[in-house]
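# Fold and geometry: a report
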Amino acid sequence: MNSMTGFGKAELKTPTGKYTVEISSVNNRFLEINQRLPRQFFTMEPKIRDLVGAAVSRGKISIYVGFDANNGLEEQYRINKTALKSYYKQLIALRKELKIAGEVTMSDLILLPEVAKPEEDSIDDEAIWNDLKTATDKALKGLTDMRRAEGAAMARDMKKRLAILSKEVKQIKKFAVGAVDRYREKITKRLEELLDKPLPENIRIEEQIALMAEKTDITEECTRFLSHCDQYQAALKDSGPQGKKLNFILQEMNREANTIASKSADVEISTMVITIKEETEKIRELVQNVE
């Protein structure tokens, strides 16, 4: 089992410069990838997306790539004076027209598109990608290792809670066996108090008791709940993404618990159902973060 929460970071020093890749993830229904790359690496976004998609299947992934170029590479960039002068004239005109305070600085201009450009054919894209891929793979390994470790801890917690659920439902199933007899005693005693004498034999009373027994029988619900527990345990051993499957099984378990609560009139059973619902809610919170 993998969690959808994790973080991985990698740094790589090469002749062209130093690469820093940070990848973080949080829970999400689908796979969502957001990237922050240096401008000169924009064309590599699809390749990075493919790398991440091959490693994880669900979660909101945030990727940051930093790059500090060596001097040799920095010298391969040039300032586009034509674009810079054009931007400057337009910004000065707009500042006067709109009466905006302040000055147009070089730091403002240098960030504008096409002002700083690499010399044509000065950058080896294949070499850059090989270095960036190495750093990204390393960061991804850190991310997936953390997600796997957290997933293992979540699985252990789930197994403990599943054991509690199985124990409670088995106890309910055992307790429900005498529910009809307890109901017969209760209604008989109440009627005798009202009539102030022993109850005469009356087939209608037995009919009502039989009807109650049919309406309040929770044996089938308990059996299905225990079956869902077994399915959940088996799903925990599956390889690959499990979150959606576990969430579906948990919904069915919760459905059975609600039916048991609505059909049973015993306080003892109602108390045990509360424990079941508390434990299923705790598992549900964990499942929301399972890949």
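Residues numbered from 1 in each chain as written. Predicted model: local features only at pLDDT ≥ 70, side-chain atom pairs only at ≥ 80, totals over all residues. Heavy atoms only, no water.

### A word on the pairing of strand E1 (residues 6–13)
Relative to strand E2 (residues 17–26), E1 runs antiparallel, the two sharing 8 bridges. Looking at E2, one finds that Lys-9 is bridged to Glu-22. (Pairing = 2+ DSSP bridges. Helix = DSSP H or I, 4+ residues; strand = E, 2+ residues; numbered from the N terminus.)

### A word on the nonpolar core
Among the nonpolar cores identified, the biggest contains 31 residues, and Met-158, Ile-172, Tyr-232 and Met-253 are the most heavily contacted of them. For this core, the secondary-structure elements that each account for two or more residues are helix H5 (125–176), helix H8 (219–236), helix H9 (243–263) and helix H10 (267–287). Among the elements that line this core, the one with the most residues is H5, at 8 residues. Ignoring any residue separated from it by four or fewer positions in sequence, one finds Tyr-232 in contact with Met-158, Leu-162, Leu-246, Ile-249, Leu-250, Met-253, Ile-283 and Val-287. (Core = buried A, V, L, I, M, F, W, Y, C linked by side-chain atoms within 4.5 Å. Buried < 20%, exposed > 50% of the residue type's maximum accessible area, 1.4 Å probe, protein only. Contact = heavy atoms within 4.5 Å.)

### With respect to the confidence of the model for the protein chain
Per-residue confidence for the protein chain gives a mean pLDDT of 85, with 87% of residues at or over 70. Within the protein chain, the element-level pLDDT minimum falls on helix H2 (residues 71–74), averaging 52, and the maximum on E1, averaging 96. (pLDDT = per-residue confidence, 0-100.)

### Considerations on the pairing of strand E3 (residues 31–36)
Pairing between E3 and strand E4 (residues 59–69): 6 bridges, direction parallel. Looking across to E4, one finds that Arg-36 is bridged to Tyr-64. For the crossover that starts at E3, traverses helix H1 (residues 45–55) and ends in the parallel E4, the hand is left-handed. (Right-handed = clockwise from strand over helix to strand, strands pointing away.)

### Some remarks on the pattern of salt bridges
Throughout the structure, instances matching the rule amount to 17 salt bridges. Of the charged contacts in the structure, one is a salt bridge between Arg-148 and Asp-145, with a shortest N-O distance of 3.2 Å. Of this pair, Arg-148 and Asp-145 both sit in helix H5, separated by 3 residues, roughly a single helical turn. The exposure class of Arg-148 is partly exposed, given its relative accessible area of 43%. A salt bridge links Arg-284 to Glu-281, with the nearest nitrogen and oxygen atoms 2.9 Å apart. Within this pair, Arg-284 and its partner Glu-281 are both found in helix H10, separated by 3 residues, close to a single helical turn. We classify Arg-284 as partly exposed; its relative accessible area is 35%. (Salt bridge = Lys/Arg side-chain N within 4 Å of Asp/Glu carboxyl O.)

### Description of a positive patch on the surface
A cluster of basic side chains, namely Arg-156, Lys-159, Lys-160 and Lys-237, defines a positive patch on the protein surface. In this structure, Lys-160 sits in helix H5. Judged by relative accessible area, which is 61%, Lys-160 ranks as exposed. (Patch = residues over 30% accessible without salt bridge, like charges linked within 9 Å, V, L, I, M, F, W, Y side chains within 5 Å. Areas by Shrake-Rupley, 256 points an atom, 1.4 Å probe, with all protein chains shown as cover. Lys, Arg positive; Asp, Glu negative; His and termini not counted. Charge placed at Lys NZ, Arg CZ, Asp CG, Glu CD.)

### Looking at the environment of Asn-80
By the secondary structure assignment, Asn-80 is in the loop between strand E5 (77–79) and helix H3 (81–98). Judged by relative accessible area, which is 16%, Asn-80 ranks as buried. Taking C-alpha positions, Asn-80 is 6.1 Å from Ala-116, a pair spaced 36 residues apart along the chain. Here Thr-82 takes part through its backbone nitrogen, which lies 3.3 Å from a polar atom of the side chain of Asn-80. At 3.1 Å, the side chain of Asn-80 forms a polar contact with the backbone nitrogen of Ala-83. (Polar contact = N/O pair within 3.5 Å; in protein donor to acceptor, adjacent residues only side chain to side chain.)

### Some remarks on the packing of H8 against H9
Direction vectors running N to C along H8 and H9 enclose 160°, while the axes themselves pass 9 Å from each other. When the axis of H8 is compared with that of H9, the two are roughly antiparallel. When you trace H8 past H9, the crossing you get is left-handed. Residues Glu-221, Cys-222, Arg-224, Phe-225, His-228, Cys-229, Gln-231, Tyr-232, Ala-235 and Leu-236 of H8 lie in contact with H9, whose contacting residues are Lys-245, Leu-246, Ile-249, Leu-250, Glu-252, Met-253, Glu-256, Ala-257, Thr-259, Ile-260 and Lys-263. Grouping the amino acids of the contact of H8 with H9 by side-chain chemistry returns 12 nonpolar, 3 polar and 6 charged. (Axes fitted to C-alpha atoms, helices over the stretch in contact; angles between N-to-C directions. Parallel < 35°, antiparallel > 145°, perpendicular 65-115°, else oblique. Left-handed = near helix turned anticlockwise from the far one by under 90°. Nonpolar A, V, L, I, M, F, W, Y, C, P; charged D, E, K, R; others polar.)

### Some words on the side chain of Thr-144
Here Thr-144 shows up in helix H5. A polar contact of 3.1 Å, which involves the side chain of Thr-144, links it to the backbone oxygen of Lys-141. In contact with Thr-144, other than residues within four places in its own chain, are Ala-55 and Val-56.

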